[in-house]
Amino acid sequence: MLTRRLVWLLILPLWWACTPDEEVFSELSDESLYFSTDTLYFDTLLTTQLSPSYRLLLYNPNKNGVIVPGIRLKQLEGSPFELTINGLSGKAFNNIKILGKDSLLVLVNGRLPVTGEVEAKRVLDYLEVVGTTRTNVVLDAWAQDASYYKGLSIIEEDQTWEAGMPYVVSDSLVVAPGVTLTIKAGVEVLMQPGAHLFVLGTLITGGTPDKKVIFRNTRNDRDYREAPGQWVGIYFLEGSKDNFLNHTVIKNGEVGLRIGTPDDDDIPDVVIANSTIGNMSSDGILALTSDVYAYNTVVYNAARYLVANVAGGNYRYEHCTFSNYPSDFFREDPSVIFSDNILLANEELLAAPLEARVFNSVIWGTQKEEIEFNTGGGASFIYQVGNSLLKTTNSLLNANNNLINTPPKFFNEFLYDYRPDSLSPLINKAKYLNIDLDNLGHQRDSLPDIGAYEWVPGQKENDEG
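This report concerns the structure included in the present document. Since the model is a prediction, treat every value here as computed from it, not as a measurement.

**Remarks on the overall build of the protein**
Next up, step 1: For the protein, the count of helices and strands is 1 helix and 42 strands.
Next up, step 2: In summary, the protein has a C-alpha radius of gyration of 29 Å against a globular reference of 23 Å for 465 residues, an excess of more than 25%.
Next up, step 3: Dimensions of the protein, computed from C-alpha atoms along their principal axes, come out at roughly 100 × 65 × 55 Å.
Next up, step 4: Each of the 465 residues in the protein was classed as buried or not, and the buried ones make up 49%.

Spelled out as structure tokens, the structure:
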């Protein structure tokens, strides 16, 4: 019995020592708390659409806890923003405890009202901590009205989209057979997750070097500006013809252009000029049994192929730059493949004659082999490659003034700047093809450069012209 009592006497002080002291709360002052930032930037938000949530931390660096009388939006119920604290949402919260050496997570999102203006309009509010005069955060956003295509939308008569408010596609937008959609310079088309543009008729984009037509994802915050796979792609379907894309940027989708326009002639049904396609979670240009002509066009960073022309067709690429250095995924395939066949889902092999011509172009990337010719279908297969810089192990391509396995020396491929620098082997190594202006509208001389860009003396990194 005595022994048991001694054991309890020994254990009791240890148990008591491990019991936490009751939290001591001090009076709130201007020095008690501070936020992780003094301004929360939302960039440009589409009006009427709920924004993503942005994170803030309210720190208590002191030993003792504090009880915050209130955390609120200055405009309260008139504010377009909303707070989420401890799993609850609202405009204001009272009597919030923050323990010593701890922090409080505050989520902020917004649904900005329609402005009635073409240009983006700045919207401000303030997040305030009641009981202090200096602990607050500026909520800074730009509200942008837009024209919305919600659900399945079909364009059944000719339309022209003018620059101004962006056009937002939430699901599937279809250009009907025999109908032309014309998109003027400076138009932005914002594609929400899962969105497609299907073209059964004709798509014409009329961008310029200074005012490009842009197809991209809807989110513009930093982590999403260059993230692939945020929408599906632009699909040209059987019967579509006379398509012309000029000075157009297509980025951050699954497939940039998927072209399936088989017919009985070799006239290009899709012409891609002075354009840029990049950051695709699958393919840049995927064409099946189709006729395609591209010039002054850049295709960069795709998880599978930058260019895949399969199951036959007629393809011509002049003054193009194909560069594959993706940081978001691991890749195994070559950047460019030309194939006279494709294996269908039912294991049937579809084969057709193929002609491919590549001139004055760059095909480069991280693989040892970046260009493949697949003749497994047994169909007629004709290809020509000349005056181009290639990453390849194919000795047959070491001809026709091609440069083999010579680094192109771009300005900075990791910043998506594929212009040649002053020491680039691309300079003056192309053949004159009557394409007098480059992707940025710069004049080519009588000894043009390989690729989509002409080297300009004195140009600076990331200078778009």
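**What about the pairing of strand β28 (residues 283-295)?**
Next up, step 1: The buried fraction of β28 is high, at 12 of 13 residues.
Next up, step 2: Sheet topology places strand β25 (residues 255-259) next to β28; 4 bridges connect them, and they run parallel. Its bridge partner lying in β28, Ile 259 is registered against Ala 287.
Next up, step 3: The sheet contact formed by strand β26 (residues 270-273) and β28 spans 4 bridges and is parallel.

**Describing the side chain of Asn 324**
Next up, step 1: Here Asn 324 is to be found in strand β31 (residues 321-324).
Next up, step 2: With relative accessibility at 0%, the residue Asn 324 sits in the buried group.
Next up, step 3: Only 2.9 Å separates the side chain of Asn 324 from the backbone nitrogen of Ala 302, close enough to count as a polar contact.
Next up, step 4: Setting aside residues up to four positions removed in sequence, Asn 324 forms contacts with Asn 301, Ala 302, Arg 304, Leu 306, Arg 331, Ser 335, Trp 364, Gly 365 and Thr 366.

**Concerning the side chain of Asn 60**
Next up, step 1: Mapped onto the elements, Asn 60 comes out in strand β4 (residues 54-60).
Next up, step 2: Residue classification places Asn 60 among the buried residues on the basis of a relative accessible area of 1%.
Next up, step 3: Discounting residues that sit within four places of it in the chain, Asn 60 has contacts with Ser 32, Leu 33, Gly 65, Val 66, Ile 98, Leu 99, Gly 100, Lys 101 and Asp 102.

Conventions used here
- Residues numbered from 1 in each chain as written.
- Predicted model: local features only at pLDDT ≥ 70, side-chain atom pairs only at ≥ 80, totals over all residues.
- Heavy atoms only, no water.
- Helix = DSSP H or I, 4+ residues; strand = E, 2+ residues; numbered from the N terminus.
- Rg over C-alpha atoms; globule rule 2.2 N^0.38 Å.
- Buried < 20%, exposed > 50% of the residue type's maximum accessible area, 1.4 Å probe, protein only.
- Pairing = 2+ DSSP bridges.
- Polar contact = N/O pair within 3.5 Å; in protein donor to acceptor, adjacent residues only side chain to side chain.
- Contact = heavy atoms within 4.5 Å.

The quantities given are spatial measurements derived from coordinates; they are silent on function.
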